[in-house]
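# Structural overview
Okay, here's what each chain looks like letter by letter:
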Amino acid sequence: MRIHGKAILPALAMAMCAMTAGAKNPIVQTCYTTDPAPMVHDGTLYVYTGHDEDGADFFWMQEWRVYSTTDMVNWTDHGSPLAIEDFAWGDDRAWAPQCVERNGKFYFYVPLHSKLSGTMAIGVAVGDSPTGPFKDAIGKPLVDGSWDYIDPTVFIDDDGQAYLYWGNPEIYYVKLNSDMVSFDGEVCKIEQSEEGFGAPGPKVREKEKKYRDNYTEGPWFYKRGGKYYLVYAAGGVPEHIAYSMSDSPTGPWKYMGEIMPLCDTGSFTNHSGIADYKGKSYFFYHTGKLPGGGGFARSMAVEPFEYNADGTIPTIMPTEEGAPAVGTLNPMKRVEAETMAWSKGVKTESNAKMGVYVSDIHNGDFVMVAKADFGNKKPKKFGASVASALRGGTIEVRMDSEDGELIASLQVPGTGGWEEWRYIKTPVSTDVTGVHDIYFVFKGRKGPKLFNMDYWKFE
Ligand code: FUB
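Residues numbered from 1 in each chain as written. Predicted model: local features only at pLDDT ≥ 70, side-chain atom pairs only at ≥ 80, totals over all residues. Heavy atoms only, no water.

Before going further, it helps to spend a moment on the overall build of the protein chain. When helices and strands are tallied, the protein chain shows 2 helices and 36 strands. Here the C-alpha radius of gyration of the protein chain, 23 Å, is about what a compact globule of 459 residues would show, namely 23 Å. Considering only C-alpha atoms, the protein chain reaches an extent of 70 × 55 × 40 Å along its principal axes. Across the 459 residues that make up the protein chain, the buried fraction comes to 57%. Excluding contacts between residues fewer than 6 apart, the proportion of contacts in the protein chain whose partners are at least 24 apart in sequence is 58%. Taken as a whole, the protein chain presents about 19000 Å² of accessible surface, with 50% of it coming from carbon and sulfur. Both charge centroids of the protein chain, one from 45 positive and one from 60 negative side chains, sit 7 Å from each other. (Helix = DSSP H or I, 4+ residues; strand = E, 2+ residues; numbered from the N terminus. Rg over C-alpha atoms; globule rule 2.2 N^0.38 Å. Buried < 20%, exposed > 50% of the residue type's maximum accessible area, 1.4 Å probe, protein only. Contact = heavy atoms within 4.5 Å. Areas by Shrake-Rupley, 256 points an atom, 1.4 Å probe, with all protein chains shown as cover. Lys, Arg positive; Asp, Glu negative; His and termini not counted. Charge placed at Lys NZ, Arg CZ, Asp CG, Glu CD.)

Counting 42 residues, the largest nonpolar core has Phe108, Val231, Ile274, Phe283 and Ile313 as its most contacted members. Here Ile313 is in contact with Tyr222, Tyr229, Val231, Tyr243, Ile259, Ile274, Phe305, Tyr307 and Asn308, once residues within four sequence places are set aside. Among the nonpolar cores identified, the runner-up in size contains 32 residues, and Ile407, Ala408, Val412 and Ile424 belong to it. (Core = buried A, V, L, I, M, F, W, Y, C linked by side-chain atoms within 4.5 Å.)

Under the counting rule described, the total for this entry stands at 41 aromatic pairs. With centroids separated by 4.9 Å and ring planes inclined at 70 degrees, the aromatic side chains of Phe59 and Phe296 adopt a geometry described as edge-to-face. In this pair, Phe59 is assigned in the loop between β4 (44–50) and β5 (63–69) and Phe296 in the loop between β23 (280–287) and β24 (299–305), connecting sequence segments 237 residues apart. Classification of Phe59 as buried rests on a relative accessible area of 12%. Residue Phe296 is classed as partly exposed on the basis of its relative accessible area, which comes to 23%. Summarising the aromatic geometry, the rings of Tyr165 and Phe221 are spaced 4.6 Å apart at their centres and angled 55 degrees between planes, so their arrangement reads as tilted. With a gap of 56 residues between them, Tyr165 in strand β15 (residues 162–166) and Phe221 in strand β18 (residues 215–224) connect regions that are remote in the sequence. When its relative accessible area of 1% is taken as the criterion, Phe221 is described as buried. By way of ring pairs, the aromatic residues Phe155, Tyr163, Tyr165, Tyr173, Phe221, Tyr228 and Trp253 are connected into one cluster. (Phe/Tyr/Trp six-rings, centres within 6.5 Å; stacked < 30°, edge-to-face > 60°.)

All right, on to the environment of Asp437 then. Structurally, Asp437 can be placed in strand β35 (residues 435–443). Asp437 sits in the buried class, given a relative accessible area of 5%. Spatially, the C-alpha atom of Asp437 lies 34 Å from that of Ile241, the residues being 196 residues apart in sequence.

A complete count under the given rule lists 18 salt bridges for this structure. As a salt-bridge pair, Asp128 and Lys105 come within 2.7 Å of each other at their nearest N and O atoms. Separated by 23 residues along the polypeptide, Asp128 in the loop between β11 (120–127) and β12 (134–136) and Lys105 in strand β10 (residues 105–114) bring together distant segments of the chain. Owing to a relative accessible area of 57%, Asp128 belongs among the exposed residues under this scheme. For Lys105, a relative accessible area of 34% puts it in the partly exposed group. For Lys443, the salt bridge goes to Glu396, with nearest N and O atoms at 3.4 Å. In this pair, Lys443 sits in strand β35 while Glu396 sits in strand β32 (residues 393–399), placing the two residues 47 residues apart along the sequence. The class of Glu396 is buried, set by a relative accessible area of 13%. By sharing partners, the salt bridges in this structure join Glu63, Arg65 and Asp77 into a single network. (Salt bridge = Lys/Arg side-chain N within 4 Å of Asp/Glu carboxyl O.)

Moving on, we get to the environment of Glu303. The topology assignment puts Glu303 in strand β24. In sequence terms Glu303 and Pro318 are 15 residues apart; their C-alpha atoms lie 7.1 Å from each other. In this view, Glu303 contacts Asn25, Ser281, Tyr282, Phe283, Tyr285, Ile316, Met317, Pro318, Thr319 and Gly322; residues no more than four positions away in its chain are not counted. At 3.1 Å, the side chain of Glu303 and the side chain of Asn25 are in polar contact. A polar side-chain atom of Glu303 sits 2.5 Å from a polar atom in the side chain of Tyr285. (Polar contact = N/O pair within 3.5 Å; in protein donor to acceptor, adjacent residues only side chain to side chain.)

Our next topic: the pairing of strand β22 (residues 273–277). Along β22, 4 of the 5 residues are buried, which leaves the element largely enclosed by surrounding structure. Alignment of β22 against β23, held across 5 bridges, turns out to be antiparallel. If you follow Asp276 over to β23, its bridge partner there is Ser281. Hairpin connection of β22 to β23: 2 residues between the antiparallel strands, including Lys278 at a positive phi of 50 degrees. (Pairing = 2+ DSSP bridges.)

Have a look at this one:
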């Protein structure tokens, strides 16, 4: 690097890289992740997402995925614990999900195309852990029979009453029974009005009239400080995010304005979810910003924000930086390779025995974890669980940037199969202390897949 013809000292260049490293948007680089729905449970923030297929020309989505973090910068890929084939009555369009916990069970609400009605429906799966496994809770749709029936959002009020809202372009709700998988009575439709949502309902809108806004889809329903919030995609396509507030869980609603205005994100949809975690508030949404991304190749992103003193939500703009760290990662214990703050080139796969692991590793790819806190440990060894059906390669362990100081170099041999795992160790060449971003830079023959990586640790 040169400024005014003078070379900046390599150490300073490295320090600058270290300052700018960390997490970035989009949160996940190994596949496209859509329609993020956050849930905090037991000190961990989980996000449930859809999954746009590579090269898709529509929302031909097959599965839902789960990611988690405890520091907002390193995200663990839990794979896909729920897919279309888990619903015998569904055949297409694994769209925007939400998962909530009640009495130790996790209820995963999803829209999908119904074989029964030939339109969209909402199903509910249940599991004993936030990452599943999940199974269809009732063997049939919870609601079925309309193309409007997408994008479920669920909130359990302080009195124990749970509400399920959903819909595009109408807004519907039911009061769920305490079993979370049934409801009594009819599906209710919210009467949209200019006061409530910026425009009257889609059937009575005047074509030529310019309204303040209009509800489109993707509701996110929650309560804070005694007020109810309905955050949603608005304005038709392309979508921005707006919200309404109410003193009661079923309205009347008051339109409160835009949260995330129309921006150049490369995606004509947007879809939001909001959660408080470790004393801060976070706004999740999606963009088309991952390389190769677009309207049918979307990726979740996150922005920290603070509510205004009166409980209203400020304008939130998409950024590349995303959320700052609210914790560190312990590199001295086993860390799953699929826990990462950023990566280049790699994918993840999973199987029943190993769970999720990093795959598609080629020469020049890397995985980075942010804020690894070595304290004063000065580890002597670095080890990783790896598998290769071909000739393997090398894991270069570098500090603070992709070409930062090399602290270990692990030679990965062919192990006899892509799922023939071996744990291999190598010495650490430097005394490493303090907090660092760690880059695992993969090297080997140019062209072929090198190896898979399941977990790593410093000893
Ligand atoms: O991801 C498919 C659909 O696109 C969702 O259900 C909508 O909210 C929009 O994001």
